[in-house]
Amino acid sequence: MQPQPSTTIPVGMQTLFYTWQNYRCAYDRLAPDGSPDGVPLLLLHPIGVGLSRTFWQRFCNEWYRTGQRNLIYNPDLLGCGESAMPQIAYYPLDWAKQLQYFLQTVIQTPVVLVVQGALLPVAIELAHRQPDLIRGLVMSGPPARTLLAKANPAWQQRVSWNLFNSPLGGGFYRYARRSQFLQSFSIRQLFATSDAVDSEWLAMLKEGSADLASRHAVFSFLAGFWRQDYTAKLATIAQPTLVAMGEQASSISRKGKTETPDERLHDYLACLPNSEGTKLPGRNVLPYEATTEFVRAIVPFVERLSG
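About the thresholds
Residues numbered from 1 in each chain as written. Predicted model: local features only at pLDDT ≥ 70, side-chain atom pairs only at ≥ 80, totals over all residues. Heavy atoms only, no water. Helix = DSSP H or I, 4+ residues; strand = E, 2+ residues; numbered from the N terminus. Rg over C-alpha atoms; globule rule 2.2 N^0.38 Å. Buried < 20%, exposed > 50% of the residue type's maximum accessible area, 1.4 Å probe, protein only. Contact = heavy atoms within 4.5 Å. Areas by Shrake-Rupley, 256 points an atom, 1.4 Å probe, with all protein chains shown as cover. Phe/Tyr/Trp six-rings, centres within 6.5 Å; stacked < 30°, edge-to-face > 60°. Lys NZ or Arg CZ within 6 Å of the ring centre and 35° of its normal. Core = buried A, V, L, I, M, F, W, Y, C linked by side-chain atoms within 4.5 Å. Pairing = 2+ DSSP bridges. Disulfide = S-S within 2.5 Å. Salt bridge = Lys/Arg side-chain N within 4 Å of Asp/Glu carboxyl O.

Remarks on the overall build of the protein
Now for step 1: Counting secondary structure elements, the protein contains twelve helices and eight strands.
Now for step 2: Computed over the C-alpha atoms, the radius of gyration of the protein is 18 Å, within 12% of the 19 Å expected from 2.2 N^0.38 for a compact globule of 307 residues.
Now for step 3: For the protein, the C-alpha atoms occupy an extent of roughly 50 × 40 × 40 Å along the three principal directions.
Now for step 4: Evaluated residue by residue, the protein yields a buried proportion of 55% over its 307 residues.
Now for step 5: For the protein, contacts bridging at least 24 residues in sequence account for 78% of all contacts bridging at least 6.
Now for step 6: Carbon and sulfur atoms make up 52% of the accessible area of the protein, which amounts to about 12,700 Å² in all.

As C-alpha cells, then:
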C-alpha cells in the first residue's frame with residue numbers, strides 16, 4: 001500500500017451552514033482553482049466516536065492532487081461535527097431527509113453520492129426519495145448484506161437506545177473516547193494494519209468526540225436503528241453503482257464474520273441492477289487507509305457519469 005497523502009485542505013474550501021428543521025447544519029464546499037468540471041460529489045461520512053466530515057479530508061486532498069475538477073460537497077450529518085447535536089434518536093431516514101433538503105436547496109443539481117460503510121442505509125433512503133438528483137453511487141466498504149436483509153425488532157432497538165441514553169451511556173462514551181480505546185478498536189475492527197492507525201487518525205477522533213453531545217448519533221448507530229430490511233430498495237436503485245471492497249474487509253457483527261470479501265462483493269452485485277465492483281488494499285475504511293488506491297479506483301466511474 002502506498003504512503004497516504006497528508007490532509008492539507010485544498011485551496012477553494014468554504015465551510016458554510018444551512019438550517020434544516022430549525023437545526024444548524026455544517027458543510028464544506030470544495031472546488032479546484034478555476035472553473036469546476038464534471039458531476040459534483042456528495043460525501044457521506046461514517047458514524048462513530050469522533051467521526052464527522054473531517055473523515056474525508058484525505059480523500060478530498062488526493063482527489064484534487066490527481067487533477068480532478070469536480071465540486072465536492074462534504075456535509076456534517078445532524079449530531080456530528082459542527083452540525084447541531086440534539087438529544088434525539090437518529091434514524092437513517094432522518095439523515096436521508098436532511099441530505100434530501102441539502103440536495104434540493106443547496107446543491108440543486110445531480111451528484112455522485114459516495115457513502116462510507118454502514119451509513120449505506122442513509123444512501124439507500126436518499127436514492128429512493130430523490131432519484132433524480134443521484135446520478136450514481138459509490139459504496140465504500142458496505143456492511144455484510146445479511147445485516148441489511150432483516151430488521152432488528154423495534155423493541156430491541158428502543159431498549160438499547162434507552163440504555164445508552166442514560167448516565168450509564170454517558171460514562172461509557174467518556175471511556176470510549178479515550179485514546180487507548182480508540183486505538184485498540186481501530187486496530188481490531190477498522191484498519192488492515194496497526195501502523196495505519198496513526199496519530200492523525202486518533203487526534204481526529206479525540207477532537208471530534210470532545211463534545212459529549214456527539215454521543216447521541218453514535219448511540220443511535222449502536223442501538224441498531226440502521227438495521228432494517230433494505231432488500232427491495234436496493235433492487236430498485238437504477239443508477240450506476242460502484243461497490244469498493246477492502247481485500248481484508250471484516251464485519252463488526254457476528255452474522256458477517258464467516259463471509260469473505262469476494263462473497264460480500266458478489267452479494268451486492270447480485271442485488272444491484274446496474275453495478276460493478278472492485279477490491280482494494282485495506283479493510284473497512286478505504287477512503288482513509290487506502291486513499292490513493294480508492295481515488296484511483298473511482299475516478300473512471302465518476303468521469304463516465306460526467307460525460
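Once you've had a look at it, read on.
Looking at unusual backbone geometry
Now for step 1: In this structure, Asn22 takes a positive phi of about 70° despite not being glycine.
Now for step 2: Following the sequence through the fold, Asn22 ends up in the loop between strand E1 (14–20) and strand E2 (23–30).
Now for step 3: Looking at Asn22, the relative accessible area reads 75%, which means it is exposed.
Now for step 4: Its identity as a non-glycine residue notwithstanding, Gln108 has a phi of 60°, on the positive side.

What to know about the packing of aromatic side chains
Now for step 1: Inspection of every chain in the model, using the stated rule, returns 24 aromatic pairs.
Now for step 2: Here the aromatic rings of Tyr27 and Tyr73 are separated by 6.5 Å at their centres, their planes lie at 35°, and the arrangement is tilted. Within this pair, whereas Tyr27 is found in strand E2, its partner Tyr73 is found in strand E4 (residues 72–75), the two being separated by 46 residues in sequence.
Now for step 3: The interplanar angle of 10° and the centroid separation of 6.3 Å between the aromatic rings of Phe181 and Phe185 together place this pair among those described as stacked. Placement of the pair is Phe181 and Phe185 together in helix H6 (residues 179–190), with a separation of four residues, close to one helical turn.
Now for step 4: Assessed through its relative accessible area of 31%, Phe185 is described here as partly exposed.
Now for step 5: Taken together, the ring pairs connect Phe55, Trp56, Phe59, Trp63, Phe191, Trp201, Tyr288 and Phe294 into an aromatic cluster.
Now for step 6: Cation over ring: Arg24 sits above Phe17, and NZ or CZ is 3.5 Å from the ring centre.

Some remarks on the nonpolar core
Now for step 1: Leu42, Leu44, Trp95 and Met139 are the most contacted members of the largest nonpolar core, which has 50 residues in total.
Now for step 2: With residues near it in sequence (within four places) discarded, Leu44 still touches Trp56, Leu77, Leu99, Leu113, Val114, Val115, Gln116, Leu119, Val122 and Ala123.
Now for step 3: If you look at the next biggest cluster of nonpolar residues, it comprises 46 residues, including Leu41, Phe164, Tyr173 and Tyr288.

Overview of the pairing of strand E5 (residues 111–116)
Now for step 1: Most of E5 sits inside the fold, with six of its six residues counted as buried.
Now for step 2: Where strand E3 (residues 41–44) and E5 come together, four bridges link them in parallel fashion. By the bridge assignment, Leu41 is partnered in E5 with Val112.
Now for step 3: As paired elements, E5 and strand E6 (residues 134–140) share six bridges and run parallel to each other.

Some points on the state of the cysteines
Now for step 1: Scanning all chains against the criterion turns up zero disulfides.
Now for step 2: Not part of a disulfide, Cys80 finds its nearest cysteine sulfur in Cys25, a span of 10 Å.
Now for step 3: With relative accessibility at 4%, the residue Cys80 sits in the buried group.

Remarks on the pattern of salt bridges
Now for step 1: With the rule as written, the count across this model stands at ten salt bridges.
Now for step 2: Residue Arg58 pairs with Asp198 through a salt bridge whose shortest N-O separation is 2.8 Å. With Arg58 in helix H1 (residues 57–65) and Asp198 in the loop between H6 and helix H7 (199–208), the pair connects residues that are 140 residues apart, well separated along the chain.
Now for step 3: Taking relative accessible area as the criterion, Asp198 reaches 22% and is therefore assigned partly exposed.
Now for step 4: Residue Arg264 is joined to Glu259 by a salt bridge in which the shortest nitrogen-to-oxygen separation is 2.8 Å.
Now for step 5: A relative accessible area of 16% places Glu259 in the buried class.
Now for step 6: Through salt bridges that share partners, Asp28, Arg53, Asp76 and Glu82 make up one connected network.

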